[in-house]
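# A look at the structure
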Amino acid sequence: MAVRGGGGGAERPYELVVFGASGFTGQFVVEEVARTAAEGELRGPLRWAVAGRSRDKLQAVLERAAERLGKAALGAEVGVLLCDVGDADSLAAMARQTRLVLNCVGPYRFFGEPVVKACVENGASCIDISGEPQFLEGMYLKYNEKAAEKRVYVIGSCGFDSIPADMGVLYTRDKLKGTLTAVESFLTVKSGPEGSCIHDGTWKSVVHGLADQDNLKKLRKQIGYTPVPVVGAKLTRRGLVFYSQEFKQYSIPFMGSDVSVVKRSQRYLHTQLQETPVQYAAYANVGGFGSVVKLMFAGILFLLLVKFSFGRKLLIKYPEFFSAGRFTKKGPTQKQMDETSFSMTFFGEGYSEGQDPQKGKPNVKICTQVKGPEPGYIATPIAMVQAGVALLEDAACLPAQGGVYSPGAAFSKTKLIDRLNKHGMEFSVITKPEV
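Let us look at the structure shown here. This one's a predicted model, so the numbers in the text were calculated from it and none came from an experiment.

Before going further, it helps to spend a moment on the environment of Glu 393. Its place among the elements puts Glu 393 in helix 15 (residues 375–393). As for Glu 393 and Thr 414, which are separated by 21 residues in sequence, their C-alpha atoms are 9.1 Å apart.

Spelled out as structure tokens, the structure:
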């Protein structure tokens, strides 16, 4: 078996452990790991395990994954580890047995740090799918130096937030002949006749995240980020609601962590690798005028309630009501997932080869796209698992030292985009750059 790179060394029984494997998202991640391990694209067999509180539930998840892959069972090579996020010793024991933990236990602001701490202290790398900037940047402040010392990588937001956006900006940059200086992305989610919805775990993260905006500002002051210089023409911000000519529908700023994640990647690539930083803005297409009215009503109500603990309790208790059916305690059905897909379209501008980006107006444009299946429970596991594979298999292409990274910073030199392309998340150029 070829030894894959990364922290820890070859004496660990597993290369990868899915923690929170029996949770709503975790079960889909397990299935995706099983699928990837069975494809035979890796250098040698993948030794992996599932971890969580209940052996019965973990066994059931492994059985479900085997059934979905058309196998009798996943085989004895898949380990089962009992482990609880509230028990530091069990987390340490898990981390000591693996090279990499895929952490599926959220909301991360409540349950994420003990896992990061256990991984860093015990020499395992850690990947999560958090879309919570406060957690992601808090982990950077607390664990970046220690992770570097231990030569392990802690990489957050490796799900739908924010791999399509972060890697999409890098892909757009690499496809432009010249210097990319600004990108806007537009997200479109299409669903079938039964609509689409998201499990309320994500809703909880949103509620707590928006309630805590002030602390995020304080945290960023503490980190003391160096400002990212603006190169090229300054990107103009669009309004809170605007009509997008490109898509012939209304759009709003995208509420997720994409902008903050891309900014962290661009800062790293600029300060560490002297690459030209790209300005970035993210939007979501919401449809016709009726959708806008509904959204604005829901949004105003949400922002009023989220400020008070009583309001937050109401929001968390009745996700379906307050999100107009977008978030539910059950999560989507298999049929809803099968009929849902996303596309993220990137409009980039920049300066042709030999043009000084500090002078004059941008003179080249490019349009690229990332397309994929249902974002929450099909695309997110694909992104997370392929990020894990890139960390294990493309170790020589990771940043020279360990630390807490955003996906673009960690994976810009790896084969992650190629890996995603092979697994149903398609990166493509729609219109070639024209001068």
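Before going further, it helps to spend a moment on the pattern of salt bridges. Enumeration according to the criterion identifies 22 salt bridges in this entry. Among the ionic pairs, Asp 356 bridges to Lys 359, the shortest N-O distance being 3.4 Å. Note on Asp 356: relative accessible area 33%, which makes it partly exposed. Its relative accessible area of 57% is what places Lys 359 among the exposed residues. Salt bridges here are not isolated pairs; linked through shared partners, they connect Glu 31, Glu 32, Arg 35, Arg 64 and Arg 68.

Time to look at the packing of aromatic side chains. Tallied over the full model, the rule gives 20 aromatic pairs. Aromatic side chains Phe 24 and Tyr 377 sit 5.0 Å apart centroid to centroid with 90° between the ring planes, which places their arrangement in the edge-to-face category. Placement of Phe 24 in helix 1 (residues 24–38) and of Tyr 377 in helix 15 is noted, with a sequence separation of 353 residues between them. On the basis of relative accessible area, Tyr 377 is assigned to the buried category, the value being 3%. The interplanar angle of 75° and the centroid separation of 5.0 Å between the aromatic rings of Phe 160 and Phe 342 together place this pair among those described as edge-to-face. Of this pair, Phe 160 sits in the loop between strand 6 (153–155) and helix 7 (163–175) while Phe 342 sits in strand 13 (residues 341–351); the two residues are 182 residues apart in sequence, bridging distant segments of the chain. On the accessibility criterion, Phe 160 (11% relative accessible area) is buried. The rings of Phe 186, Phe 242, Phe 247, Tyr 283 and Phe 347 are connected pair by pair, giving a single aromatic cluster.

What counts, and where the lines are drawn
Residues numbered from 1 in each chain as written. Predicted model: local features only at pLDDT ≥ 70, side-chain atom pairs only at ≥ 80, totals over all residues. Heavy atoms only, no water. Helix = DSSP H or I, 4+ residues; strand = E, 2+ residues; numbered from the N terminus. Salt bridge = Lys/Arg side-chain N within 4 Å of Asp/Glu carboxyl O. Buried < 20%, exposed > 50% of the residue type's maximum accessible area, 1.4 Å probe, protein only. Phe/Tyr/Trp six-rings, centres within 6.5 Å; stacked < 30°, edge-to-face > 60°.

These figures come from the coordinates and say nothing about function on their own.
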